[in-house]
Structures are given as C-alpha cells and as structure tokens.
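# Architecture at a glance
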Amino acid sequence: MTLPSDPRGLVATDSPHPRRPTLVVDPLISDRARAIDSSGIRRVFDLAATLENPINLSIGQPNFPVPEAIKRAAIEAIEHDRNGYTPTQGIAPLNAAIRQRLHDRAGWRIDDPSIATTVTSGTSGGLVLAVMVLLDPGDEIVVPDPYFVMYPSLGPLTGSRVVTCSTYPDFRMTAERIEPLLGPRTKAVLLNSPSNPCGVVLREAEIRDVVELCRDRGVLLISDEIYDEFVFDDALEHGVCPTPSRFGEDMLVLGGFGKTYACTGWRMGFAAGPAALIAEMNKLQQYTYVCAPTPAQYGVLASFGLSMRPQVEAFGRRRDLVLEALQPITTVARPGGAFYAFVEVPPHLGLSGTEFCEQAIANRVLVIPGRVFSHRDTHFRLSFAAAESDLREGLEILSRLLRG
Ligand code: PMP
C-alpha cells in the first residue's frame, strides 16, 4: 500500500497502527478558528484544577436547582415521545409565550406580522445566527468593553471588525460613548444589561438614548438580555428590568432561559425582532442548529408564570455582602443584576488583574482576571453564584489581599 503524500497533511507516523496514516490536522485549521483565543479563561481553569478544595467564585451559572415544574415538563415531553425535530423556529406555544411576554413588558404588538420570534439553541445560538445574518467581511459591530467572552470571537467568525466601546470606570454603555465609534461600516451595536462581567444595569433613560442613536444612524441595536430576570429590586423600573424593547420593535432582542432557571445545559434561548431579520436567522438555523432541543423547549414552556423573585432576592443579599466587604477597600461598580462584580485591583498594589488573580488562586480563591473580558487588565470578575459560606470565606481572603 502506498501512503498518500498529500500536501494537505495525510502522512505516515510511528503510530501503533503502522499501516494507518495519521492525519496532521494543524494545516487544515481555518484562519477563522485560529483568530479566536480562548486561552485566558482556560489557563484559569487549568490552574483551578490543581487546587484542593478551592473557593470557587468564578462560576457563570446559578447554584439553585431547576424549578420542579420545568423539570417535570421536560421529562414528560421525553416520556410522551416528543423527541423529534420541532419546526425550525421552535414549537408554537413557546413562541406565543415569548411574544406575550414582550407584549406584557414592552407593549410589542401581538399579531403584527412585521415582528417575529424564534427559539434558539441558547442565547449564544441566537447571537451567532444574528451576526451570520448581519455581518459581511469589513462590516463593524460595536460591543462593550468589558465584554462577555464570546463577543470578540464574533469578528473572526464573520470576517467583520468588532469595535469595543470602553465603559470604564462605571461600566455604563451610554449613547455618548457609543456615538464616536459609529462609522459607515457599522451595522450593529450590541448592548448587554445586566452585564457580564460587571452586573451593571443601565437606567431606562440611558437605554432610550442608545435606542434613538441607533435608529438615527440606521444601525441595528442587539440587546443581549440573558440576565433580564436576574435584576435586584433597586435596579428595576416599572417592576421590570429596563430594556430597549420598551422603546420600539425595530431591534433584535436576544433572551435566554439558562441563567434564570439554572438550566444552562439545556441550551435554550430566543430572538425577537423585525420579521425580515428573524426569517433570515431561521434560514441559517435550518441549516446549522436545525432547532433548539425539543424536550427543553417543552420544559421552559413551564417557566412562564413562575416567579424566581425569592432566588433573585437571595442573590441580591449576596451582592450586598460583596459590596459591604469590598467597597471600603477598592472600587466596585454596584451590580444591579446578574451575579458578577467587576472589582478593581487597587493601583497602589502595583499588580495587574492577572497577577492579583494568581495571588488569589494561590490562596485558594478562584476569580477571573479582567483581561479575559477586556483589553485592560486592571480588574477581576467575582461571581457570587456560590454558597454563602464560600462567598463569605472568599471575601475575607480577597479583602486581605486587596489591602496588600
Ligand atoms: N450573553 C451573556 C452576556 C452571557 O453571560 C452568556 C452566558 N454566560 C451568554 C450570552 C450565553 O448564554 P447561553 O448559555 O444561553 O448560550
């Protein structure tokens, strides 16, 4: 047998199967994949794996169980043989419930065919479909800095340019900060309130200015609202999380079920906005994800009408613990929602965020360097989605280290 001498990489090696060629994968990898760097967060998790009994304040999901009614609905779907594909856009009752929610919260019209919803494989799934539909090579999308780790990868994924909007030091992505970044190639502005990694919730007046700016410039506002139910009492307005959707239907709202109901692994999200845009997203979904997981669609259908306020308020108390412990020592923007605080490493320590996190990890506390979420490395992200005893112990250790 002659082995192929294919320049794309099929070569013989001294593998235990000497007659079987081994594929050299490296030359096959696309520039797109190479341009995405996920090493920062991996390094933290690798370090963490070496720790015995770490106090883990790095987790991006809530630590309560999925509500019983939601579990039962998913289990019943499986048992009643609802395990096949659904329509690309998801089951009709789930789309109807999402639409009803947008109507109740933001006044979106129930029956107007010019707006539509679709069920996506996680909020990430909705975001990927949106950028694939919107961005051509050379186009631009404005995202906040600090950002959710996925946002910079949307550039390499589409060949577009991700323009970061620095929101230091208060982490508010205001129209004033966005405006100078808009150019002839800008197609979208991505807003994330409450934010990962800062937990900051914008006020309705700030959001209205962003909506108007985008509308004036003919740019699509994409609102990543995955934490919209995770909002503490002091950040609510009209009893709900402030959202751009109260100012119109000419935007793309991306929502998720994973954080609110602690079912991040179910991969459930939705998108809502102009029907012409959602139709293009459905076209891509049909040939990529196909549909969101069927039993999970039935599961989250049971979430409508369920209140998570007791759980969210418990997180609000943990937020207070974080602020009480750290605000006397350093600068922490007050999280109005989600379960993160973005904490400044006091400049007098002379440490980068990464160096501080190495110290914290050496003291058993796992937090993530700001550099993972930002062009800057002056902060760290602390997640308070942890048991209260762990949080208290972790805060004690961090306070000591932050005092220097
Ligand atoms: N957006 C933000 C701001 C997030 O923090 C996350 C998850 N950490 C996502 C989107 C992705 O969510 P999902 O798991 O639903 O894909």
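Now for a look at the structure at hand. What you see is a predicted model; the values in this text were computed from it and never measured.

### Observations concerning the overall build of the protein
Secondary structure assignment for the protein yields 13 helices and 14 strands. Expected size for 404 residues packed as a compact globule is a radius of gyration near 22 Å; at 23 Å, the protein falls within 12% of this value. If one aligns the C-alpha atoms of the protein with their principal axes, the spans along those axes are about 75 × 60 × 50 Å. Taking all 404 residues of the protein together, 53% fall into the buried category. Here the protein has roughly 18,100 Å² of accessible surface; of this, 53% comes from carbon and sulfur atoms. Computed over 39 positive and 47 negative side-chain charges, the inter-centroid distance for the protein is 2 Å.

### Comments concerning the site of the ligand
Near the ligand you find Gly122, Thr123, Ser124, Phe148, Tyr151, Asn192, Asn196, Asp224, Ile226, Tyr227, Lys259 and Arg267, and these make up its full shell. The contact in question runs from an oxygen atom of the ligand to an N or O atom on the side chain of asparagine 196, over 2.8 Å. Taking aspartate 224, its side chain carries an N or O atom lying 2.6 Å from a nitrogen atom of the ligand. When the free accessible area of the ligand is taken as 400 Å², the share hidden by the protein chains comes to 92%. The element contributing the most residues to the shell around the ligand is helix α5 (residues 122-134), with three residues. Class assignment of the residues belonging to the shell around the ligand gives a composition of four nonpolar, five polar and three charged.

### Here's the deal with the environment of leucine 254
In this structure, leucine 254 sits in strand β9 (residues 252-256). Classification of leucine 254 as buried rests on a relative accessible area of 1%. The spatial distance from the C-alpha of leucine 254 to the C-alpha of serine 223 is 5.9 Å, given a sequence separation of 31 residues. Setting aside residues up to four positions removed in sequence, leucine 254 forms contacts with Thr123, Gly126, Leu127, Ile222, Ser223, Asp224, Glu225, Ile226, Phe270 and Ala271.

### A few points about the sheet that holds β9
Spatially, seven strands are ordered β4-β10-β9-β8-β7-β5-β6 in an open sheet, and the strand pairing comes out mixed. The open sheet terminates on both sides in strands that have one partner only, identified here as β4 (115-121) and β6 (161-166). Strand after strand, the sheet turns through a mean of 20° between neighbouring axes, direction not considered. Where β9 lies against strand β10 (residues 268-274), four bridges are found, and the strand directions are antiparallel.

### Observations regarding the packing of α5 against helix α9 (residues 275-286)
One way to put it is that α5 packs onto α9 with a least axis distance of 9 Å and a crossing angle of 110°. By the angle between their directions, the pair α5 and α9 is classed as roughly perpendicular. Seen from α5, the contacting residues are Gly126, Leu129, Ala130, Met132, Val133 and Leu134; seen from α9, they are Leu277, Glu280, Met281, Leu284 and Gln285. A class-by-class count of the residues in the contact of α5 with α9 yields eight nonpolar, two polar and one charged.

### Thoughts on the sheet that holds strand β11 (residues 340-344)
Spatially, the three strands line up as an open sheet ordered β11-β14-β13, and their pairing is antiparallel. Of all strands in the sheet, those bounded by a partner on one side alone are β11 and β13 (368-369). By the bridge criterion, two bridges tie β13 to strand β14 (residues 379-383) in an arrangement that is antiparallel. Each bridged residue has a counterpart across the sheet, and for proline 369 the counterpart in β14 is phenylalanine 380. Helix α13 (residues 388-403) contacts β11 and β14 of the sheet and is inclined by roughly 165° relative to β14.

### Quick word on the environment of glutamate 212
Mapped onto the elements, glutamate 212 comes out in helix α8 (residues 204-217). Linking glutamate 212 and alanine 175, residues 37 residues apart in sequence, is a C-alpha distance of 8.6 Å.

### Describing the nonpolar core
Counting residues in hydrophobic clusters, the biggest one holds 77 residues, and the most contacted among them are Leu57, Val189, Val367, Phe380, Leu382 and Leu398. Mapped onto the domain boundaries, this core takes at least three residues apiece from domain 1 (40-60 + 308-403) and domain 2 (69-301). If we skip the residues at most four places from it in the chain, leucine 57 touches Val365, Leu366, Val367, Arg381, Leu382, Ser383, Ala386, Leu391, Gly394 and Leu398. Membership of the second largest hydrophobic core comes to 25 residues, among which are Ala130, Leu190, Leu220 and Ile278.

Parameters and conventions
- Residues numbered from 1 in each chain as written.
- Predicted model: local features only at pLDDT ≥ 70, side-chain atom pairs only at ≥ 80, totals over all residues.
- Heavy atoms only, no water.
- Helix = DSSP H or I, 4+ residues; strand = E, 2+ residues; numbered from the N terminus.
- Rg over C-alpha atoms; globule rule 2.2 N^0.38 Å.
- Buried < 20%, exposed > 50% of the residue type's maximum accessible area, 1.4 Å probe, protein only.
- Areas by Shrake-Rupley, 256 points an atom, 1.4 Å probe, with all protein chains shown as cover.
- Lys, Arg positive; Asp, Glu negative; His and termini not counted.
- Charge placed at Lys NZ, Arg CZ, Asp CG, Glu CD.
- Near = heavy atom within 4 Å.
- Polar contact = N/O pair within 3.5 Å; in protein donor to acceptor, adjacent residues only side chain to side chain.
- Nonpolar A, V, L, I, M, F, W, Y, C, P; charged D, E, K, R; others polar.
- Contact = heavy atoms within 4.5 Å.
- Pairing = 2+ DSSP bridges.
- Axes fitted to C-alpha atoms, helices over the stretch in contact; angles between N-to-C directions.
- Parallel < 35°, antiparallel > 145°, perpendicular 65-115°, else oblique.
- Core = buried A, V, L, I, M, F, W, Y, C linked by side-chain atoms within 4.5 Å.
- Domains from an automatic or database assignment.

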